[in-house]
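So the chains spell out like this:
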Amino acid sequence: LKNPDYPLDVDDSLITGGVIDSYSLVNIAVFVESEFGVKIPDTDLNLDNMDTIGRMTARILKEMRSDDPV
Amino acid sequence: MILFDADHYCSLAEPLQQRARKNPDAPAVALLHNSRSARILSAGELDQAARRYASRLKLSGVGAGEMVAVGLPHGEDLLTAFWGIIYAGAVPSIFAYPGPLMQRHAYAGRLHDFARECAARALITTPEAAATMPDGSGNSCLLIHRPLPGEEDNRTEPYETSCPDRETPTYIQFTSGTTGRRKGAILSHRAVLEFVQSTITVLDSRSEDVMVSWMPFSHDFGLFGGMVFPVCAGHLTVLISPHHWLRRPIIMLEAIHDYRGTFCLNTNSALLHMVGCAMDSDLADLNLRSLRTMIIGAEPVLLPSLERFTEKFTASGLERRMLAPAYGMAENTLTVSIFDHERDTLADWVDSQALTTHGRAMPAQPGDPGAIVYVNCGQATPETRITIRDDSGECLPEREVGEIFFTSLSMFSGYQGRAKTRGPASEGWHATGDLGYMVGANLFVCGRKTDLIIVGGRNIHPEDLEAVAPGISGLDPANTVAFGVMDEDIGTESVIMVCGLSPLPAPAERFSLEKALRQLIYQTFEVTLGDVRFVPRKWIERTSNGKLARHRNREKYLRELGRSPAPSQLPLQKKDD
């Protein structure tokens, strides 16, 4: 998807909605890792956790919080 | 070089059986999953596992010569099932298994349809997929899953080696596509054994060589290149789960480092995925100096992709001489031609004007106006001959563009379930549908006669994509066209759909139609569209007999974006338009 005007909701399916392919999703995970220092474990990089912007954000935030010192 | 005489064997099972007899404890396969640790199987263990599997298949009712469809995830079970079926003298065909980033709910149904379409005697899958398999009414196929008959009480029938006719099928390699468009290339024992012998010669294969592969067994590149060849030739092969590779592609380079890999396989787009995902920290200790040949194929190979990959990993010891672009297809078991850096020149710059106007690849200098570059796919493998022919079947001289034909000893015997005329063309030559030219003995592939789209090595028929349009209210099925556009950023084709509608709907409605189309295309084919365009109906280009002229629609689409067609998509062939 290369159209910046494409109206994407937080609950829209990215992979199963045919918006981005699995290579692009992995690139997002790599970006998150290098930008925020957050690594999504390989086993969690699945449709349940990553298929919408909402779920993806929740998963990343969860990982960031777990990295915070208590 | 290893000594391997294809004529010495009567079945594909024999090279592994012989290896297990001579050197049972040497590691044959290392299955890498989620870390740098691996499950290693020796030749003896793989042989024993295949024998047990074969005898249990016999208990299940599968006989020699019968076809067995296999839908299992990448791993030991799939490896054992493949060799077990080969040992049983039956004929496997592997159907791709979905990864964690793919939808699974539709898998059982698709696998079931596949088994029925290829008239399989048995279908081997996971207990989970078997549990959701549609009702088998009208289907006499045996459904087999773990535990296999005799597995729980360790009951076996004694395994007996057999010596089938070498010309009988040993594997059926299906291309992707929907029912009716999917073609199953039948490969005989002889063809695959000849492929092994020819690959040993081409790669100057030595006993200490190590293959590293992430390609799936459902693809001929992964099955024959990554697994069957090294197992039969006596190498260790390090096999990486394709889904794990997708998530962390650097694992392939780490495996080359850890196992001192000498051979590996990649597609053009895979090279760029590795470049994009490798972090500096991954490269710190990486050593690729053991590598001799990285075979790159399954889709057009682009010079900028090779350059970006080499640049990224030079400090780790990667050299351009290690990269070997290749041309191949299931109809020749795998390889038709392969580049050899000691013999061949990697790039050929030609004048695009002479190419499109006269179908002639006239040499040009890099930087000349209109100069474009093609990557050398090297010379024909031993026992393969290549010719370039015009539409009347006449052989063309050097640098003239025409259809690529080949004939060889590792050639397929025909397509399953189709009349013989649809198999290898007359006089034993196969018309590939690809366009190319020769320079000396070197093959350059420069286009395709058909509208087939190839994404990362996977074949997609535009007709299939267009056929979903009636499922979306608001689209005009007669004016919906699909085509592939080479995207150098990702190193493969991007799938584009253009929808002709008059009057053109308002933007909000266009987006909701696009959403519906993207979703339906993904759910039906697992294809992600690169772009969807809405245009007035009269925009759509047609042939003189009213059919969609896909390549002309592609040129128009690119023109409107201010882009030129990629060298692999120039209009080279006069068509009915």
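Anything mentioned here points back to the structure above.
Computed from a predicted structure; not experimentally measured.

**Thoughts on the interface of chain A and chain B**
Between chain A and chain B, the residue contacts involve 30 residues of the former and 24 residues of the latter. Where chain A abuts chain B, roughly 2400 Å² becomes buried across the two surfaces, and 61% of that area is made up of carbon and sulfur atoms. Looking only at chain A, the three residues that lose the most surface to chain B are A:Y6, A:Y23 and A:D42, adding up to 23% of its buried area. Linking A:D12 and B:K515 is a salt bridge whose minimum nitrogen-to-oxygen distance equals 2.8 Å. The tally of links between chain A and chain B comes to seven residue pairs in polar contact (both at pLDDT 80 or more). Looking at the side of chain A that touches chain B, the element that brings in the most residues is helix α1 (residues 22-36) of chain A, giving nine residues. Here the residues of the side of chain A that touches chain B are counted per class, giving 14 nonpolar, eight polar and eight charged.

**Points about the sheet that holds strand β3 (residues 67-71) of chain B**
Through backbone hydrogen bonds, the strands of a sheet pair up, either in parallel or in antiparallel fashion. All names here are of chain B. Pairing in this open sheet of four strands is parallel, and the strands run β4-β3-β5-β6 from one edge to the other. Because the sheet does not close on itself, it has two edges, and the strands there are β4 (91-94) and β6 (142-144). Strand-to-strand twist across the sheet, computed as the mean angle between neighbouring axes with direction ignored, equals 25°. Pairing between β3 and strand β5 (residues 122-125): four bridges, direction parallel. Residue pairing across strands places G71 opposite T125, the latter belonging to β5. Here helix α3 (residues 76-87) sits on the sheet and contacts β3, β4 and β5; the angle it forms with β4, its principal contact strand, is near 150°.

**Examining the pattern of salt bridges**
Residues and elements named next belong to chain B. Taken as a whole and assessed by the stated rule, the structure comprises 34 salt bridges over all chains. Across the pair R550 and D451 runs a salt bridge whose closest N-O atoms are separated by 3.0 Å. In this pair, R550 is assigned in helix α16 (residues 550-560) and D451 in the loop between β22 (442-448) and β23 (453-455), connecting sequence segments 99 residues apart. What makes R550 buried here is its relative accessible area of 12%. Between E541 and K556 there is a salt bridge, with its nearest N and O atoms 3.1 Å apart. Of this pair, E541 sits in the loop between β27 (529-535) and α16 while K556 is found in helix α16, placing the two residues 15 residues apart along the sequence.

How each quantity is defined
- Residues numbered from 1 in each chain as written.
- Chains lettered and ligands numbered in written order.
- Predicted model: local features only at pLDDT ≥ 70, side-chain atom pairs only at ≥ 80, totals over all residues.
- Heavy atoms only, no water.
- Contact = heavy atoms within 4.5 Å.
- Buried area = accessible area lost by both parts, 1.4 Å probe.
- Salt bridge = Lys/Arg side-chain N within 4 Å of Asp/Glu carboxyl O.
- Polar contact = N/O pair within 3.5 Å; in protein donor to acceptor, adjacent residues only side chain to side chain.
- Helix = DSSP H or I, 4+ residues; strand = E, 2+ residues; numbered from the N terminus.
- Nonpolar A, V, L, I, M, F, W, Y, C, P; charged D, E, K, R; others polar.
- Pairing = 2+ DSSP bridges.
- Axes fitted to C-alpha atoms, helices over the stretch in contact; angles between N-to-C directions.
- Buried < 20%, exposed > 50% of the residue type's maximum accessible area, 1.4 Å probe, protein only.

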